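# Fold and contact review
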Amino acid sequence: MASITINTNLASLTAQRNLSRATSGMNKAMERLSTGYRINSGADDAAGSAVSTLMEAQISGYDVAESNATMGMSLLDTAEGVLDIVGSYLQRVRDLTEQAANGTYGTSSMQAIKTEVQQRMLEINRLCSVIDFNGIQLLDGTSPAAKTGNGINLQVSNNAGKPNIINLDASIFESAKCTALFVSSNEHSTGISEWYTRTSADESTLALKARITGDPQELPNGKKYDYSDLEAIDDKQYDPEGTGTKQKINYCITAICDAVYTDDNTAREFLYFIDDAIENVSDRRALIGAYMNRVESAVDAIGVQKENIVSANSSIKDADVATESSNYIKAQILQQASATLLATANQTPSIALNLL
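Taken as a whole and assessed by the stated rule, the structure comprises 14 salt bridges. With a shortest N-O distance of 3.4 Å, glutamate 324 and arginine 32 are connected by a salt bridge. With glutamate 324 in helix H9 (residues 321–347) and arginine 32 in helix H1 (residues 10–35), the pair connects residues that are 292 residues apart, well separated along the chain. A salt bridge links arginine 285 to aspartate 84; the shortest N-O distance between them is 3.2 Å. Here arginine 285 is found in helix H8 (residues 264–317), whereas its partner aspartate 84 is found in helix H2 (residues 46–100), with 201 residues between them in sequence. Assessed through its relative accessible area of 37%, aspartate 84 is described here as partly exposed. Linked by salt bridges that have partners in common, Lys28, Glu31 and Asp44 make up one network.

Any two packed helices are characterised by how steeply their axes cross, that is the angle between the axes, and by the distance between the axes. In contact at an axis separation of 10 Å, helix H3 (residues 107–130) and helix H7 (residues 253–260) are set at 150° when each is read in the N-to-C sense. The angle between the axes of H3 and H7 places the two elements in the roughly antiparallel class. When the axes of H3 and H7 are compared, the crossing they make is right-handed. Here Lys114, Val117, Gln118, Met121, Leu122 and Asn125 of H3 lie close against H7, whose contacting residues are Ile253, Thr254, Ile256, Cys257 and Asp258. For the contact of H3 with H7, the class distribution of residues is six nonpolar, three polar and two charged.

About the criteria used
- Residues numbered from 1 in each chain as written.
- Predicted model: local features only at pLDDT ≥ 70, side-chain atom pairs only at ≥ 80, totals over all residues.
- Heavy atoms only, no water.
- Salt bridge = Lys/Arg side-chain N within 4 Å of Asp/Glu carboxyl O.
- Helix = DSSP H or I, 4+ residues; strand = E, 2+ residues; numbered from the N terminus.
- Buried < 20%, exposed > 50% of the residue type's maximum accessible area, 1.4 Å probe, protein only.
- Axes fitted to C-alpha atoms, helices over the stretch in contact; angles between N-to-C directions.
- Parallel < 35°, antiparallel > 145°, perpendicular 65-115°, else oblique.
- Left-handed = near helix turned anticlockwise from the far one by under 90°.
- Contact = heavy atoms within 4.5 Å.
- Nonpolar A, V, L, I, M, F, W, Y, C, P; charged D, E, K, R; others polar.

Structure representation (structure tokens):
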């Protein structure tokens, strides 16, 4: 038999406990609905919170990796654009040189050809000197990527180690200046200063050797190149800046043009070296194109990986709005009911007054 007491109101205590529980549940549902997260603190789900934190670090890392890859694409775009111009200029130089090799041009015409070729070469050198990306010189051979031979590494994933980078080959960033292309490490070229060691299918470049050294050269078939009446080109002859500092022939455009555009023989042999330069630029553009495709694929892969991680993190951390709305309504109803019953329970001890 339940007793009537004044000092202890069990019904009120029960109603208070249930009211507190309903209020807490309603507040929790409100928090989740307002933030959109099921886990707002470690107390909500300790294990889930730890896993979600690691996933969020990965998601942030993928954002940075995607930005890195995009910057790499922009760098390659910049280099490829300039190489396209260089290639077109070299083609014009080749056309002019092929004209000069025809043997139908007099001194004034040869001088006009030499003047345009020289200006084309100077412009190629200027472009390669000024083009840079974010402070990195791309095509003058002075960047650490070219000097060290290590190229440029694109960090395209979250972690350390080689599998997470794309290395852009150092050959892309070697100097594309004319004075470098004609002294390049291209397998078909030995350099201006050693023209006379170069061999083609049938003869050495003896015309150029004769022009550079001033020594007559004779082919096995009896043909002879003799420029002994002209001053031989040497390392002390050229001071293009007028500063008193001489440039070696293999690094001086003036010396190159003076050696080549003398007659049709030297012009004809220079076609070999222009072809090497065009091939060098073409090879770089092809390599850049391959890297651009690879980096683009890496960006796509980053997007897929990020999407999967975001989905997994969402299933752990995000709130189910339908569920939380139901929980909120449920807690609200229980809160109102508990409050009403608490008021009734608080009046129960007053029954004792009727017994006095």
